[in-house]
Amino acid sequence: MKREIPMIITFVSGMAIIIALFVPHPPFGRVEETFNNWYIIISGFTMILGLNSLLGHNLDKVKRKAEGWPYSLTLILSFFITLIWGIVSTIRTGHIFASTSTFRNYYYTYVFVPLQSTMFALLAFFIASAAYRAFRARTVNATLLLVTASIIMLTQVPKGETVMAPVLGVAALLAVWKLMSEFESAASWTAGLPYLLLSIAIVAVYLPIVEVLRTQTTAVNDWIMNVLQMGAKRGIWLGIALGGIAMGLRIIFGIEKSYLT
Amino acid sequence: MKFFEKLAKIDRRIIFVILAITIISPFLFNLTFKLTPLEESKRAFNFINSLPEGSTVIISIDYDASSMPELQPMLEAVLRHIFSRNLRVILLGHWAAGVPLGQQALEKIASEYGKVYGEDFVVLGYRPGLQAVIINMGKNIHATFDNVDYEGTPLSKLPMMSNIKTYEDVACVFGFEAGNVGEMWIQFANARYGVKVLLGCTGVVAPDLFQYRQSGQLVAIVSGLRGAADYERLAKHEAFASYGMTAQTFAHVLIVAFIIIGNIGYIFTQSKKRRSS
Amino acid sequence: MATTIWVWVAAFFTLAILSFLYKDNPFYRIAESVYVGSSAAYMLLFLWSFDVKPKMIDAWVKGSTTDRLILIIPITLSIFMLMRFIPKLRWISRWAIAFTVGMGAGLGVAGLLQGFVVPQIKGTIVPLWIANNFKQTINNWIIVLGTLTTISYFFFSRKHTGVFGKFSRTGVMFIMIAFGATFGFTIMARVSLLIGRLYFLLHDWLGLI
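Since the model is a prediction, treat every value here as computed from it, not as a measurement. (Residues numbered from 1 in each chain as written. Chains lettered and ligands numbered in written order. Predicted model: local features only at pLDDT ≥ 70, side-chain atom pairs only at ≥ 80, totals over all residues. Heavy atoms only, no water.)

### Side note on the interface of chain A and chain C
So the rule is basically this: For this analysis, residues touch if any pair of their heavy atoms sits within 4.5 Å. Each of two parts loses accessible area, computed with a 1.4 Å probe, when they are put together; buried area is these two losses added. Here a polar contact is recorded for every N or O atom pair within 3.5 Å, except that within protein the pair must consist of a potential hydrogen donor and a potential acceptor, and residues adjacent in sequence are included only if both atoms are side-chain atoms. Each helix is a run of DSSP H or I of at least 4 residues and each strand a run of E of at least 2, with the numbering of both proceeding from the N terminus. Asp, Glu, Lys and Arg are counted as charged, while Ala, Val, Leu, Ile, Met, Phe, Trp, Tyr, Cys and Pro are counted as nonpolar; the rest, among them Gly, fall into the polar class.
Between chain A and chain C, the residue contacts involve 100 residues of the former and 105 residues of the latter. Summing both partners gives a buried area of about 9,900 Å² for chain A against chain C, and 83% of it is carried by carbon and sulfur. One can count 14 residue pairs in polar contact (both at pLDDT 80 or more) joining chain A with chain C. When residues of the side of chain A that touches chain C are traced back to their parent elements, those giving at least two are α1 (4–22), α2 (28–43), α3 (51–64), α4 (69–93), α5 (102–133), α6 (140–155), α9 (217–228) and α10 (230–252) of chain A. In terms of residue count, α5 of chain A provides more of the side of chain A that touches chain C than any other element does, 21 residues in total. Tallied by class, the residues present in the side of chain A that touches chain C amount to 70 nonpolar, 27 polar and three charged.

In structure tokens, the structure reads:
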């Protein structure tokens, strides 16, 4: 029974939602609304499921005086200070986010926001460092990725188009150089011919491409995003969506049960 | 080619300092570049601009402080445009940690335009359950939020809400997205109830949304700080995003330069290896 | 005055986190602990303000007898969810989890079918020849080719050789262009976040700009 009842609950709730999609009339529409309302109430509690282990783990560290315990103590203290502050603020102003709530205007604005946003700002440094070390045009595909990324980066910013000529110039030179060294080391003249032709093509399209990028920057950006890259995104997401549907049905029909462990 | 080998071994902290200086300098020297708005940003602006006076826009706060520099100025620019056109706003959110950001922006811009709570804008706050909330709003907005605004004031006491029961009574949803909530607005509010959806997104999210534009499920995508700056310019009120974009140009050029230098070094060392072998 | 002190607090936390770039250090660890601890409390307060109070307590107080009877079910399941914290009663929490999982799966399937798969396939069925509109014709070809070749790349039940192999390799090129666009946008986003923080330090804290 410990497994059967949850599986029945999953089946009934999942099927109710799917049936309501195809038959939105009563009683299914009403059942859907009620189930949704229950889901709204219950799913909130999933937000705090990790709370127990977070506090338990850190309390344990403080008790054992394990390495780094002062940080665990800081964590626990800040949990309780924040909680008490929030409760006091709620009692005094009626709601935690009332416009006069000190919790919102001081804790949220000057503690929570800077901490969270700076955590994510660190990523800018790491991505810059990675750009320097890791992004190499090792293959044709990697080159496509880097060139698209660079064009997008430069068309997304004002005046970015002004450096387009030298940037693409260096990229073209590097490509031609690499292709020519392939041409040089090719077994026969005919085997190397494609490399030579590709090099000539790159030189030939360089100026027109730079000119278009320079004069119609926003249109090019719009075209890359809405046309050139869009098909692949659609393909990828269709794959993910079909996988998601299959997974959802497996859960509803009780084939996938890992959530019960 | 020792030079390139040395270049490849630069301490990452030096790169960090160079990046920081690059971003700070345009601010210190008060440099600003004029920009031409992107087509996508114009689409969003023109849509809002075409709404009849008195229409209501649902604003959804689906981000938090981790993407505040991109979306907060965008939200403020959009709100300025909305209020300058005498449209109304219902604010709610699906990211627990971000709702107060939306509220603060709304209070700030509403007071700039002398707008009154309950008549010109309402804050519904947050309910867990994302898709369930979006679906139920299509049946009854009041009931979904238990007939109260975020502070517990009955919605029946707020004059603006008397005419708004479902999505049929609003002009569009404008979501500010740092995750997948925007797609939920499309997949549930648009697909099921036909609501027009516009999304203001972080740069990370935006590229995965363009297929919805082509299929006609989405009106427009305003993306990242650039989108915010575009919107500020279109709404003729330049603020943080517009100043920030100059620093953005400097940083992008620097990063592209990093990629190029890294690759020159790579190709030199590769050809050297090949020669020696 | 109060605001000035709080701006200093915010600046302290900002710098403490940024100090991680030099190396891991006690200031960073303190800021991190404050962040984790206080956001846990924040979530708890949020749950109370936007779920428990309006949807359980107020709904119970204001509701009719029928409303209350219906409300008993979600309230019970929510309490079951909390049983996860008690090892002996942990199994009861599965009932609540089963409901959220079932709903999540149902909502996911419904949304993806109606809101993604059907309209996206419709969106891909575009005319491949439009008279007098060469540009749109080319664009439609790119969209259709991009979508189909990408799908073919993820089609693993057939060997990627011959014509099919070429088709799927074209797909890889489209995928790389798409990743390049995402990558460019991601760099833009990360840099913007840093601009935001540095602007805070220079403008709000130091008042230099």
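### Points about the pairing of strand β5 (residues 197–201) of chain B
All names here are of chain B. What counts, and what does not: A simple rule labels every residue: compare its accessible area, found with a 1.4 Å probe on the protein chains alone, to the largest value its type can have, and call it buried under 20%, exposed over 50%, or partly exposed in between. Strands were regarded as paired on the criterion that DSSP finds at least two bridges between them. A crossover gets the label right-handed when its path from the first strand over the helix to the second runs clockwise, viewed with the strands pointing away from the viewer.
When you tally the buried positions in β5, you get five out of five residues, the bulk of the element. Every second residue of β5 is oriented toward a common face, with V197, L199 and C201 on one face and L198 and G200 on the other, all of them buried. Inspection of the sheet shows strand β4 (residues 172–177) paired to β5 by five bridges, in the parallel sense. Its bridge partner being in β5, E177 is matched across the sheet by C201. The handedness of the β4 to β5 crossover, carried by helix α8 (residues 181–193), is right-handed. Where β5 meets strand β6 (residues 220–223), four bridges bridge the pair, whose relative direction is parallel. If you follow L199 over to β6, its bridge partner there is I221.

### Details of the domain arrangement of chain B
How big an interface is tends to be expressed through the accessible area that disappears when the partners come together. As a reminder of what qualifies: Domain limits in this description derive from either an automatic procedure or a database domain assignment.
The domains assigned to chain B are domain 1 (2–31 + 246–276) and domain 2 (39–238). Centre-to-centre, using C-alpha coordinates, domain 1 of chain B lies 39 Å away from domain 2 of chain B.

### Looking at the interface of chain C and chain B
Defined as follows: We define a salt bridge as a side-chain nitrogen of Lys or Arg found within 4 Å of a carboxyl oxygen belonging to Asp or Glu.
Facing the 42 residues of chain C at the interface are 53 residues of chain B. Taken together, both faces of the contact between chain C and chain B bury some 4,100 Å²; the carbon and sulfur share is 71%. Where chain C packs against chain B, one counts one salt bridge. Here K55 of chain C ties to D146 of chain B by a salt bridge, and the two come within 3.0 Å at their closest N and O atoms. Counting every contact that joins chain C to chain B gives 13 residue pairs in polar contact (both at pLDDT 80 or more). Taken together, the elements giving at least two residues each to the side of chain C that touches chain B come down to α2 (26–62), α4 (93–124) and α6 (162–205) of chain C. Per-element tally for the side of chain C that touches chain B: the top contributor is α6 of chain C, with 18 residues.

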